[in-house]
Amino acid sequence: MISVRCPHCHVGLKVDEGKLPPGIQSFKCPKCKKAIPISLVFANKSAASGSSETTLIQPLKTSMGTLTVLPDENTREQIFPLYEGVTLIGRQSAASNATISIVTADKSMSREHIRIEVKKEAKGGYKHYLSDNNSKNHTLYNSSFLEKGEVVVLNNNDEIIIGRTVLRFNE
Ligand SMILES: [Zn+2]
């Protein structure tokens with residue numbers, strides 16, 4: 001038996017690892033009924049140590065990030081959830097094809113200013129890749145301009161400035 005804590009309701013559970021099917025990625029919490037993400041890591045200890053085979057269960061981060069537009073004189077606060085796949089982000093306009101349209105008076109923000117691609121990792125979590133979408137005024141990422149074609153992996157609390165507007169990424 002192994003101990004697991006539900007990331008949703010924080011109940012402590014005892015799990016019989018022998019009953020978990022191979023390749024399982026989540027199971028339902030008996031208390032709150034939400035899915036508990038897991039990855040099974042098998043470690044075969046040598047027979048000499050006297051230990052039996054042990055299984056480690058590590059909860060994975062399964063949610064995708066959010067993008068918060070910080071309020072200023074041109075823009076009110078806006079919060080956008082990110083989804084798997086490619087998202088174009090820019091200033092709201094009739095001529096925009098952006099998936100996330102920011103309502104703003106900041107004309108130095110392009111209509112399709114940045115691109116964030118959310119990809120699922122083999123072990124189950126998500127990674128967020130930011131790049132500038134050939135914008136006129138470029139993109140500042142944590143105070144450095146992104147080069148043409150440069151792609152960065154976003155981390156919690158990263159700051160992105162498009163035009164004069166500040167965005168914050170949160171995991
Ligand atoms: Zn639970």
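Sequence order sets the numbering: in each chain, residues are counted from 1 along the sequence as written. Local features in this predicted model are restricted to residues of pLDDT 70 or higher, and side-chain atom pairs are both shown and tallied only at a pLDDT of 80 or more, whereas totals for entire chains, interfaces and linings draw on every residue.

*Asks:* Looking at this model, I keep getting lost on the environment of Arg168. Mind explaining?
*Replies:* Along the chain, Arg168 falls in strand E17 (residues 165-170). Note on burial: count the other C-beta atoms lying within 10 Å of the residue's C-beta; 20 or more is buried, 12 or fewer is exposed, in between is partly exposed, and C-beta positions come from the backbone. By C-beta crowding, Arg168 is classed as partly exposed, having 15 other C-beta atoms within 10 Å. Residues contacting Arg168, with those up to four places away along its chain left out, are Thr68, Leu70, Asn157 and Glu159. Going along the chain from the N terminus, every DSSP run of H or I of four or more residues is numbered as a helix, and every run of E of two or more is numbered as a strand. Whether two residues are in contact is decided by their C-beta atoms, placed from the backbone, lying within 7 Å.

*Asks:* Help me out: how do you make sense of the sheet that holds strand E14 (residues 144-145) in this one?
*Replies:* Two strands in a sheet stick together by hydrogen bonds in their backbones, pointing the same way (parallel) or opposite ways (antiparallel). Between any two strands, pairing holds if DSSP finds at least two bridges. On the basis of which strands lie adjacent, the open sheet formed by six strands has the order E8-E7-E17-E16-E13-E14 and antiparallel pairing. In this open sheet, the two strands that pair with only one neighbour each are strand E8 (78-81) and E14. Where strand E7 (residues 66-69) meets E17, four bridges bridge the pair, whose relative direction is antiparallel. Bridge assignment links Thr66 to a residue of E17, and that residue is Asn170.

*Asks:* Quick question: what am I supposed to make of the environment of Phe80 here?
*Replies:* Relative to the assigned elements, Phe80 resides in strand E8. By C-beta crowding, Phe80 is classed as partly exposed, having 18 other C-beta atoms within 10 Å. The spatial distance from the C-alpha of Phe80 to the C-alpha of Gly65 is 8.9 Å, given a sequence separation of 15 residues. Excluding residues within four positions of it along the chain, Phe80 makes contact with Thr66, Leu67 and Ile100.

*Asks:* Explain the sheet that holds strand E12 (residues 126-132) here, please?
*Replies:* The strand order across the open sheet built from five strands is E10-E9-E11-E12-E15, with neighbouring strands paired in mixed fashion. The open sheet has two edge strands, strand E10 (100-102) and strand E15 (152-153), and neither has a second partner.

*Asks:* Just checking my understanding: could you explain the nonpolar core for this structure?
*Replies:* In a soluble, globular protein the nonpolar side chains are often hidden away together inside. Membership of the largest hydrophobic core comes to 17 residues, with the highest contact counts inside it found for Ile89, Ile114, Leu130 and Ile160. Looking at this core, the elements with two or more residues in it are E7, E10, strand E11 (114-120), strand E16 (159-162) and E17. Setting aside chain neighbours within four positions, we find Ile114 in contact with Ile89, Leu130, Ser131, Asp132, Asn133, Thr139, Ile160 and Ile162. To form a nonpolar core, buried Ala, Val, Leu, Ile, Met, Phe, Trp, Tyr and Cys residues must be joined through C-beta atoms within 7 Å.

*Asks:* Help me understand the pairing of strand E1 (residues 2-5), please; the structure alone is not making it clear to me.
*Replies:* If a strand is regular, its side chains alternate between the two faces of the sheet. Two elements, E1 and strand E2 (residues 12-15), share four bridges in a ladder whose sense is antiparallel. The residue of E2 that forms the bridge with Arg5 is Gly12.

*Asks:* Sorry if this is basic, but what is going on with unusual backbone geometry here?
*Replies:* Here the phi dihedral of His10 falls at roughly 65°; this positive angle occurs in a residue that is not glycine. With respect to the helices and strands, His10 occurs in the loop between E1 and E2. When the 10 C-beta atoms within 10 Å are taken as the criterion, His10 is described as exposed. Although it is not a glycine, His138 sits at a positive phi angle of roughly 65°. Assignment of secondary structure puts His138 in the loop between E12 and strand E13 (139-141). His138 gets classed as partly exposed once you count the C-beta atoms within 10 Å, which come to 17.

Worth remembering: the numbers are spatial, not functional.
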